Amino acid sequence: MIDINSVLIYIYNGHAVFVCLAFFAFIYIKDYKAATFSFCTAISFLIGIAAQGFLYENDNSFVYRYIFWASNDLIWMACIAYLAIKDKVYLLQSIIGQLVVALSPIIQIFRLLDRHLWDLSYSDLLYKSILPLINFAIVFICFIPFFTFFFNKSKSQKQLAK
């Protein structure tokens, strides 16, 4: 039988690997704004991975893990917003990333309330389906400047060929 929690942990760890690859790819092509966005995202994912085992072992009441995940997302959003204001990351990438991640802390807090205050299980489907999609979307957002780089490069090569 497949344990859904193990699959979700594996997917989450895979997202961190792809974001780190995006960081190194942007350093290689010298797109430092995209590299900064990917670096902040990678740090957020790596902090989550590093804390995951500790939280699962020591949070028997299932309270602090949701507060930690929500806080981690809010801190990431604040860092990305600050870097966008300081023109260290692309503004559009920052806005799209924040719009996507804004749902994550809401789901985390809803999960906490659903499990402890209301004692229901409405959040199970949301938690196990939407959060991995949010993480996948963030990985995709990290790669958007990479796609535009190759699109612009191929477009300029076509213009040179004419």
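Coordinates for the structure precede this section.
All of the points below concern the structure found in this document. (Residues numbered from 1 in each chain as written. Predicted model: local features only at pLDDT ≥ 70, side-chain atom pairs only at ≥ 80, totals over all residues. Heavy atoms only, no water.)

**Re the layout of surface pockets**
Here comes step 1: In this structure, the second largest pocket spans a volume of roughly 180 Å³.
Here comes step 2: As for the second largest pocket, its lining consists of Asp-31, Tyr-90, Leu-92, Gln-93, Ile-96, Ile-141, Ile-144, Pro-145, Thr-148 and Phe-149.
Here comes step 3: Among the secondary structure elements, those contributing two or more residues to the lining of the second largest pocket are helix H4 (91–101) and helix H6 (123–161). (1 Å grid on protein atoms, 1.4 Å probe; cavity = no way out; pocket = protein on both sides within 12 Å on 5 of 7 lines; lining within 4 Å. Points joined across faces, edges and corners; volume = space filled by probe spheres on them. Helix = DSSP H or I, 4+ residues; strand = E, 2+ residues; numbered from the N terminus.)

**Here's the deal with the nonpolar core**
Here comes step 1: Counting 34 residues, the largest nonpolar core has Phe-37 and Trp-76 as the members making the most contacts within it.
Here comes step 2: Among the elements that line this core, the one with the most residues is H6, at nine residues.
Here comes step 3: Among all residues touching Phe-37, those that are not within four sequence positions of it are Trp-76, Ile-80, Val-89, Gln-93, Ser-94, Ile-141 and Cys-142. (Core = buried A, V, L, I, M, F, W, Y, C linked by side-chain atoms within 4.5 Å. Buried < 20%, exposed > 50% of the residue type's maximum accessible area, 1.4 Å probe, protein only. Contact = heavy atoms within 4.5 Å.)

**A word on the packing of aromatic side chains**
Here comes step 1: For the coordinates displayed, the defined rule picks out eleven aromatic pairs.
Here comes step 2: Taking 6.3 Å as the distance between ring centres and 75° as the angle between the ring planes, the aromatic pair formed by Phe-143 and Phe-146 counts as edge-to-face. With Phe-143 and Phe-146 both in helix H6 and three residues apart, the pair spans about one turn of that helix. Each member of the pair, Phe-143 together with Phe-146, is buried.
Here comes step 3: Each ring, one from Phe-149 and one from Phe-150, has its centre 5.1 Å from the other, and the planes form 75°; the classification is edge-to-face.
Here comes step 4: Note on Phe-149: relative accessible area 30%, which makes it partly exposed.
Here comes step 5: The partly exposed category is assigned to Phe-150, whose relative accessible area is 43%. (Phe/Tyr/Trp six-rings, centres within 6.5 Å; stacked < 30°, edge-to-face > 60°.)

**As for the state of the cysteines**
Working definition of a disulfide: a covalent bond connecting the sulfur atoms of two cysteines.
Here comes step 1: A full pass over the atoms with the stated rule returns zero disulfides.
Here comes step 2: Lacking any disulfide linkage, Cys-40 is separated from the closest cysteine sulfur, that of Cys-79, by 5.9 Å.
Here comes step 3: Cys-142 carries a free sulfur, and the closest cysteine sulfur to it, the one in Cys-40, is 9.7 Å from it.
Here comes step 4: Judged by its relative accessible area of 0%, Cys-142 is buried. (Disulfide = S-S within 2.5 Å.)

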